[in-house]
Amino acid sequence: MASVILVTGGSGLVGKAIQHVIENEPAGSRFGKKENETWIFVGSSDADLRDPEQTRKMYEKYQPTHVIHLAALVGGLFHNMKYKLTFLRENILINDNILHTSYTHKTQKLISCLSTCVFPDKVEYPLDEHKIHSGPPHDSNFGYAHAKRLVDVQNHAYKEEFGCNFTSAIPTNVFGPHDNYDLEHSHVIPGLIHKCYLAKKNGTPFVVSGTGKPLRQFIYSRDLAKLFIWMLREYDDVEPIILSVGEDEEVSIKQVADAVVQAIGFQGNYTFDTTRADGQFRKPASNKKLLSLIGDFTFTPFEPGNYYLLFDVMNPDNFLLALMESAKWFADNYDNART
Ligand code: NDP
């Protein structure tokens, strides 16, 4: 049966990665495009998803049978801290419009995207899929976190009341080409790449916000893309699933900054501004559920010259190469990147 797969947020970091994988993996292969599939990638210029009418028109235009819903107001720590209501409200509006329109259009399957930010601040680690609602999220991003948590609540409600096949994915920190490199609004890796790039260009110090001590798990966008494609085809359960590297693969912000310094080839003064907030110290997430279901997925198929790289803490070279891809993409696309 023919499928029309609509990807919202298709112009963003994760959406572009899904498009890349679908277009570049061999047709008919596990992650490549299947013959009966039509993939459509939309951004905010196609429809402002805060608006129910624009959302409805988009569904009428494309008639999607499946939706991967990535669109969101996304930002780094400082952006989240400053605009809590905006993050709460805009994401609630976007998500409600997509979920309800998917219901009214009888969409066969909807996968929405949460984030590990949704988890409680005070929680036993590692994070797993059962702990989302077991305490308040960290204060720094409670607006974004509550809006994302609500998607899980809505998925269950749509399933119970109307039998909808709605589910959600929980990625850890993502990085890769087409990221948002805006110095105020970006996540940690693109922010550090941009800062370090400018420090090298201008001969100024490279100053990293915070102590550099917090630990995070990072996933390369094109590996994450494959996991979404797998979910679309093979995962049919309302319960969310964490899409991440293993919990033993946390790295410190300092390790990331060191790698960025190497990737950019920066040789100037490099310091940490310990007066800036660190955010949560660590929040390791378990990928046990994912690994138990996906079978033979390999996170680190290290092949030089190939984009399908994911850093591996045990092998820092892989991380460095993946970062170099991101840094190179940024330098090559400086004029058009989101800065
Ligand atoms: P980006 O910021 O790169 O992209 C956001 C996307 O959402 C863009 O395509 C943007 O469209 C679209 N969008 C934003 N507002 C609207 C709107 N009002 N109407 C329609 N489209 C809109 O995000 P990512 O790719 O990084 O994130 C994708 C998903 O993954 C999000 O749901 C995010 O919460 C989640 N996530 C991301 C993580 C990360 O580290 N990046 C970590 C964990 C989860 P346009 O560009 O055309 O304006």
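Scroll up to find the structure.
Procedures and definitions
Residues numbered from 1 in each chain as written. Predicted model: local features only at pLDDT ≥ 70, side-chain atom pairs only at ≥ 80, totals over all residues. Heavy atoms only, no water. Helix = DSSP H or I, 4+ residues; strand = E, 2+ residues; numbered from the N terminus. Buried < 20%, exposed > 50% of the residue type's maximum accessible area, 1.4 Å probe, protein only. Lys, Arg positive; Asp, Glu negative; His and termini not counted. Salt bridge = Lys/Arg side-chain N within 4 Å of Asp/Glu carboxyl O. Polar contact = N/O pair within 3.5 Å; in protein donor to acceptor, adjacent residues only side chain to side chain. Contact = heavy atoms within 4.5 Å. Near = heavy atom within 4 Å. Areas by Shrake-Rupley, 256 points an atom, 1.4 Å probe, with all protein chains shown as cover. Phe/Tyr/Trp six-rings, centres within 6.5 Å; stacked < 30°, edge-to-face > 60°. Lys NZ or Arg CZ within 6 Å of the ring centre and 35° of its normal.

A. How the structure looks around the side chain of Arg216. On the secondary structure map, Arg216 appears in strand S8 (residues 215-216). Although Arg216 is buried, it makes no salt bridge; Glu250 carries the closest opposite charge, 6.6 Å away. Reaching out from Arg216, the side chain makes a polar contact with the backbone oxygen of Phe281 at a distance of 3.4 Å. Once residues within four sequence positions are removed from consideration, Arg216 is found in contact with Asn173, Glu249, Glu250, Val251, Ile253, Asp278, Gly279, Gln280, Phe281, Arg282 and Lys283.

B. The arrangement of the site of the ligand in detail. Taken together, 28 residues lie around the ligand, and Ser11, Ser44, Leu70, Tyr144 and Lys148 are the ones closest in. One of the side-chain nitrogen or oxygen atoms of Tyr144 is found 2.6 Å away from an oxygen atom of the ligand. Coverage of the ligand by the protein amounts to 88% of the 900 Å² it exposes when considered alone. Listing elements by their share of the shell around the ligand, those giving two or more residues are helix H1 (13-24), helix H5 (142-162) and strand S6 (173-175).

C. Broad picture of the packing of aromatic side chains. Across all of its chains, the model carries 12 aromatic pairs by this definition. Judged by centre distance (4.1 Å) and plane angle (20°), the rings of Tyr103 and Phe162 are stacked. Taken together, the positions of Tyr103 in helix H4 (residues 84-104) and Phe162 in helix H5 put the pair 59 residues apart, joining distant regions of the chain. The exposure class assigned to Tyr103 is partly exposed, which follows from its relative accessible area of 26%. The class of Phe162 is partly exposed, set by a relative accessible area of 39%. With a centroid separation of 5.4 Å and 55° between ring planes, the pair formed by Tyr158 and Phe166 is classed as tilted. For Tyr158, a relative accessible area of 9% puts it in the buried group. Overall, Phe166 belongs to the buried group, its relative accessible area being 1%. Through successive ring pairs, a cluster of aromatic residues spans Tyr103, Tyr158, Phe162 and Phe166. For the cation-ring pair, Arg282 lies above Tyr125, with the distance from its terminal atom to the ring centre recorded as 5.9 Å.

D. View of the environment of Leu73. Along the chain, the position of Leu73 falls in the loop between strand S3 (66-69) and helix H3 (77-82). Remark: the alpha-carbon pair of Leu73 and Glu90, spanning 17 residues in sequence, is separated by 6.8 Å. With near-sequence residues (within four places) excluded, Leu73 lies in contact with Thr86, Phe87, Glu90, Asn91, Ile94 and Tyr144.

E. Spotlight on the pattern of salt bridges. Under the criterion given, the structure shown has 13 salt bridges. Of the charged contacts in the structure, one is a salt bridge between Arg50 and Asp48, with a shortest N-O distance of 2.6 Å. Given a relative accessible area of 35%, Arg50 falls into the partly exposed group. The class for Asp48 is partly exposed, based on a relative accessible area of 24%. A salt bridge links Arg56 to Glu53; its shortest N-O distance comes to 2.4 Å. Linking Arg56 with Glu53, this pair stays in helix H2 (residues 52-62), spanning three residues, or about one helical turn. Note on Arg56: relative accessible area 31%, which makes it partly exposed. Residue classification places Glu53 among the partly exposed residues on the basis of a relative accessible area of 37%. The structure contains a network of salt bridges with shared partners spanning Arg30, Glu234 and Asp296.

F. Summary view of unusual backbone geometry. Along the chain, Tyr125 connects to Pro126 via a cis peptide bond; the corresponding omega equals 5°. Mapped onto the fold, Pro126 is located in the loop between strand S4 (109-113) and H5. Even without glycine at this site, Gln63 takes up a positive phi of about 50°. Take Gln63: it is sitting in the loop between H2 and S3. A relative accessible area of 48% places Gln63 in the partly exposed class. Positive phi outside glycine occurs at Lys106, with the angle close to 55°. Along the chain, Lys106 falls in the loop between H4 and S4. By relative accessible area, which is 70% here, Lys106 ends up exposed.

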